[in-house]
Amino acid sequence: MKRSKAPLLLAFVLVLAGSALLVFKTRLPQGASPEGAPRAAAPGSLAPTARSRGPAAALHPSQPGADGVEQPPTGDLVSYLRSRYGARIRDPHTQMRMLEQLMRHFQQLNPTGWEADLLALLQQAFPELYDELALRLRQRVGYEKWMKEHHAELRDKTNDERRAAIWQERNQLFGKDVAEKIWIAELRNQAVADSLKAIDALPNANVQERLAQYKQSLDKTYGEGAQAHVQTHQQELMNRFLDLGSVQQDLRAMTPDQRAASLRSIRKEMGLDEEALRRWEDLDRRRDVRWEVGSQYMSERELLAQQHSGPELEARLTELRSRYFADEAETIAQEEQSGFFRFTRPRQWGRN
């Protein structure tokens, strides 16, 4: 009886083994054979490099990495690079964006041999530009090395001195024309900052005249792309203008109606539509009420501080904060315990 069960048991084991093999084959990466299938890295060991596995096998899923920067997607990295960067690959700024993304990617995969893996990929993706891209990579690596070596020295310089030293090194490493194309966004941002500084210093100019100068500077800095840039950076650009001391001084001197009209004009000139303008006006009104309440609270608080001290003062302040701020009373108390009094800071019209 025992002998009769043995063939059946053997057959059952063979069926299970065949099923497992079938499942294993169906889970292989596309284009891989069982013999060439990549093995999982042992815990604590480095994953196989792109050079040993081929570009497609070396990829991470498309998701932010540890530094919050997007990683290349799973799939064919060559196709990904050509699709994302190919149309503008001759532009130095595009080249640098691509190389920096790839540097982060390959440094995670192979910290010691990442550069050779990256170069091999560039040879496949853009063979006609390989020499130029390889040079750009060497320049980028040299620039990073210089920044690290001179970190302490740069830190001790003034902002203008630091900027001058960095640009001198960029021009030397990359060439002036290429460096300006790579860091075009930084140059434009600095141009806007310089324009705002000059606008802030204009004598006897009113808010509308300063705004006109600001818009002209944006047109000059961004050229044909000025309107698109303003449209996509409305909040940032408005804030930079409203943060000017001269603009705040003028707004502070206006009547409430004049100030509301001026703020509306600024926002409209920066491209906000009617619905957005109404939302801002509603926010301004709520801010006005809040600052008025805060002013009244601080007046009563000061009076209480003159009349009471110790536990008696604390009890009365607790009641006062509860009466004025309800659910926010505890937050206000904690701020005051840390030495911060929100209603004694300057009012920034259109900003807080």
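This text goes with the structure placed above it.
Residues numbered from 1 in each chain as written. Predicted model: local features only at pLDDT ≥ 70, side-chain atom pairs only at ≥ 80, totals over all residues. Heavy atoms only, no water.

Draft legend 1. Structural view of the pattern of salt bridges. One pass over the full model with this rule turns up 28 salt bridges. Taking the shortest distance from any N to any O, the salt bridge between Asp156 and Arg155 comes out at 4.0 Å. For the pair shown, Asp156 and Arg155 are each scored as exposed. Here Glu319 makes a salt bridge to Arg323, at a shortest N to O gap of 3.4 Å. Highlighted residues: Glu319 and Arg323, both in helix H17 (residues 310–325), separated by four residues, approximately one helical turn. Residue Glu319 is classed as partly exposed on the basis of its relative accessible area of 44%. Overall, the relative accessible area of 48% leaves Arg323 in the partly exposed class. Here the residues in one salt-bridge network are Glu100, Arg140, Glu144 and Lys148, joined through shared partners. (Salt bridge = Lys/Arg side-chain N within 4 Å of Asp/Glu carboxyl O. Buried < 20%, exposed > 50% of the residue type's maximum accessible area, 1.4 Å probe, protein only. Helix = DSSP H or I, 4+ residues; strand = E, 2+ residues; numbered from the N terminus.)

Draft legend 2. Summary view of the side chain of Arg287. With respect to the element layout, Arg287 can be found in helix H16 (residues 274–307). Summary of buried charges: Arg287 has no salt-bridge partner, and the nearest side chain of opposite charge, Asp284, is 4.0 Å away. (Lys, Arg positive; Asp, Glu negative; His and termini not counted.)

Draft legend 3. Structural detail: the packing of aromatic side chains. If you walk through the whole model with that rule in mind, you get ten aromatic pairs. Ring centres 5.3 Å apart and planes at 80 degrees place the aromatic pair Phe174 and Trp183 in the edge-to-face group. Owing to a relative accessible area of 5%, Phe174 belongs among the buried residues under this scheme. The rings of Trp291, Tyr297, Tyr324, Phe325 and Phe343 are connected pair by pair, giving a single aromatic cluster. The ring of Trp167 carries Arg170 above its face, with NZ or CZ at 4.8 Å from the centroid. For Arg170, the ring lying beneath its charged end belongs to Trp183, and the centroid distance is 4.1 Å. (Phe/Tyr/Trp six-rings, centres within 6.5 Å; stacked < 30°, edge-to-face > 60°. Lys NZ or Arg CZ within 6 Å of the ring centre and 35° of its normal.)

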